[in-house]
Every structure is written in structure tokens, then in C-alpha cells.
Amino acid sequence: MKIAVFVSGGGTNLQAIIDRITSGELTNVEIAEVIASNDSAFAIERAKIAGIPSKVISKKILGAEAYDEATLSELESIGAELVVLAGFLSMLGPKTVKAYANRIINIHPALIPAFCGQGMYGIRPHEAVLAKGVKVSGATVHFVNEHYDEGPIILQKAVDVLPDDTAETLQKRIMKECEQVILPKAIQLFADGKLEVVDNLVKFKN
Ligand code: GAR
């Protein structure tokens, strides 16, 4: 199954996918292309090192409408069957989201429906978690719809928030113990045809 991975920054989630494919833990999955929102994303280097084609498609440069057209035509031209937003800090356009309904997944660094929505990305959810004093946090993989972080939830994994956590230590732990575990797992479930969306909820098929 051909996937396209959208990135914006460091690319640790992209790396987790690459590593699981290399080790044989993730099967029947090929990264057809890495698509970055900006040319300074370190994730592009990770793609190059792994020999995966990469491309920058910038909403800032193209404008929203042309960006939507460009991403959709790129996905169609590479034959992507699943779109993975792996540390992608922007939003896909409505045509792309519609054309790929229930075929786009996103990793969010908190337990949705808490600490999510517009503006809640990167380090911010972890800062908000600490400011609120909640005792567990984690990550969520969900299908993408036209609203920020509101599509059907596929997988979640939690960790304890520790008394001496900073936003950075919490982020690091959630990336390693939650994001990099459930994102490859969700991709495998999708590739194996195990996911079904019924009434906006994800059901697991046997
Ligand atoms: C990750 O924590 C990811 O969950 C988050 O940005 C970070 C990027 O890491 N994504 C969002 O906040 C999306 N709303 P990475 O580039 O090293 O994978």
C-alpha cells in the first residue's frame, strides 16, 4: 500500500515509520513520497537518507486554493492510498480532505478531545497540560475531517504526567512512548483493511 507522509518539522514520527518498515514490523506499506510544508523541515533530510522521494508544497507560497489543488494532484499522481500527517502543522484543503475521506490520518500529541483544536500543536498541548495540572496525557491517531482534530479516533495511548515534568520532557516521552508506537500501528491496521468508520466512530474489523 502506497502512503504519502506530510511533515513540517523534525520528522521523528516519519523516522518511526521508516524504521518499522525497514525492520519488517510494518508490512505491505511503502512510503511513496514525503511532502513537507516548508523547505527547512529536517524530516526532508530523513527522507533523503532513507532514499524516499520528497517534495515541498507550501501553502504560504501557493495560497490556500492552489495549495489544495497541488496536494490533491500530487497525491493522485503518486497513487497514494493513505495520507499520513506525521508532525504536519498545517491543514489540508477541503478538496483534498473530501477526496481522501477516511484515508487521511493524523497524530496529535494529546488525548483528544482534550488539548486539541486550532493552535494546539507542537509543544503547546504539553504546556497546556502542565498549566492545567492533569495527571495523564498521551497521543491520539485519528482520521482527518474538515475540522481540526475532530475526525474519528483510531488509537490512543497515555502516559503519566510526572511531578517534575517540563513541557519538553513530557513531549519527548509522549513522542517516544505514545506517538511512535500508535502511528505505525494505525498505519498497519489501515493497510490490513481492519478499520471501518460507522457513524463517525472507528470500528475494528476482525
Ligand atoms: C509531534 O509531537 C506531533 O504529534 C505534533 O508535532 C510534533 C512533530 O514531531 N503534531 C501536532 O501537533 C499536529 N497537531 P515530528 O516532526 O518529530 O514527528
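Notes on the structure follow. Every chain is numbered independently, its residues counted from 1 as its sequence is written. Where totals are concerned, whole chains, interfaces and linings use all residues; where local detail is concerned, this predicted model gives features only for residues with pLDDT of at least 70, and gives and counts side-chain atom pairs only at 80 or more. Water and hydrogen atoms play no part in the side-chain values, which are based on all heavy atoms of the structure.

## A word on the nonpolar core
Okay, so step 1: Grouping buried Ala, Val, Leu, Ile, Met, Phe, Trp, Tyr and Cys residues that are joined through side-chain atoms within 4.5 Å yields what is termed a nonpolar core. Each residue is placed in one exposure class: buried if its accessible area under a 1.4 Å probe, protein chains only, is under 20% of its type's maximum, exposed if it is over 50%, and partly exposed if it falls in between. Ranked by size, the top nonpolar core spans 45 residues in total, and within it Ile3, Val5, Val84, Ile105 and Ile187 carry the most contacts.
Okay, so step 2: We call two residues in contact whenever any of their non-hydrogen atoms come within 4.5 Å of each other. Those residues in contact with Val84, other than ones at most four positions away along the chain, are Ile3, Ala4, Val5, Phe6, Ile17, Ile105, Leu183 and Ile187.

## A few points about the packing of aromatic side chains
Okay, so step 1: Two aromatic rings from Phe, Tyr or Trp, using only the six-membered ring of Trp, form a pair when their centres are within 6.5 Å; if the ring planes differ by under 30 degrees the pair is stacked, by over 60 it is edge-to-face, and anything between is tilted. Throughout the structure, instances matching the rule amount to two aromatic pairs.
Okay, so step 2: Pairing Phe143 with Phe190 gives two aromatic rings, centres 6.4 Å apart and planes at 65 degrees, and the pair type is edge-to-face. With Phe143 in strand S6 (residues 136-143) and Phe190 in helix H7 (residues 167-191), this pair connects stretches of sequence that are 47 residues apart. Phe190 matches Phe143 in its accessibility class, with the two residues each being buried.
Okay, so step 3: Here the guanidinium or amino end of Arg103 rests over the ring plane of Tyr100, the centre of that ring lying 4.2 Å away. For the purposes of this entry, the term helix denotes a DSSP run of H or I that reaches at least four residues, the term strand denotes a run of E that reaches at least two, and both are numbered from the N terminus. Look at NZ for Lys and CZ for Arg. If either is within 6 Å of the ring centre and within 35 degrees of the ring normal, a charge sits over the ring.

## Thoughts on the pairing of strand S2 (residues 30-36)
Okay, so step 1: The buried fraction of S2 is high, at six of seven residues.
Okay, so step 2: Here six bridges tie strand S1 (residues 2-7) to S2, and the two strands are oriented parallel to one another. Its bridge partner lying in S2, Phe6 is registered against Ile35.
Okay, so step 3: For the crossover that starts at S1, traverses helix H1 (residues 12-23) and ends in the parallel S2, the hand is right-handed.
Okay, so step 4: Tracing the backbone out of S2, into helix H2 (residues 43-49) and back to the parallel element strand S3 (residues 54-56) gives a crossover that is right-handed. Each pair of strands is called paired provided DSSP finds at least two bridges between the two strands. A crossover counts as right-handed when, viewed with the strands pointing away from the observer, the path leading from the first strand over the helix to the second turns clockwise.

## Structural notes on the pattern of salt bridges
Okay, so step 1: Should a side-chain nitrogen of Lys or Arg be within 4 Å of a carboxyl oxygen of Asp or Glu, the pair is scored as a salt bridge. With the rule as written, the count across this model stands at four salt bridges.
Okay, so step 2: A salt bridge links Glu74 to Lys55, with the nearest nitrogen and oxygen atoms 3.2 Å apart. Highlighted residues: Glu74 in helix H4 (residues 64-78) and Lys55 in strand S3, separated in sequence by 19 residues.
Okay, so step 3: As a salt-bridge pair, Asp165 and Arg173 come within 2.6 Å of each other at their nearest N and O atoms.
Okay, so step 4: Residue Arg173 is classed as buried on the basis of its relative accessible area, which comes to 16%.

## Thoughts on the pairing of strand S4 (residues 82-85)
Okay, so step 1: By the alternation rule, side chains of S4 split into Leu82 and Val84 and Val83 and Leu85, which are all buried.
Okay, so step 2: Sheet topology note: the S1/S4 ladder contains four bridges and is parallel. Directly across from Phe6, in S4, lies its bridge partner Leu85.
Okay, so step 3: Note that S4 and strand S5 (residues 104-108) share three bridges and pair parallel. Paired with Leu85 across the strands is Asn106, a residue of S5.
Okay, so step 4: Between S4 and its parallel partner S5, the chain crosses via helix H5 (residues 94-99), and the hand of that crossover is right-handed.

## Observations regarding the sheet that holds S2
Okay, so step 1: Pairing is mixed in the open sheet, where seven strands are placed in the order S3-S2-S1-S4-S5-S6-S7. Both edges of this open sheet fall to S3 and strand S7 (153-160), since each of them pairs with a single strand only. Across this sheet, the average inter-strand angle for adjacent strands is 20 degrees, counted without regard to direction.
Okay, so step 2: For helices, the axis comes from a line fit to the C-alpha atoms of the stretch in contact; other axes are also lines fit to C-alpha atoms, and the angle between any two N-to-C directions lies between 0 and 180 degrees. Where H4 meets the sheet, its contacts fall on S1, S2, S3 and S4, and the angle it forms with S1 comes to roughly 150 degrees.
Okay, so step 3: Sheet strands in contact with H7 are S1, S4, S5, S6 and S7, and its direction is about 160 degrees off that of S7.

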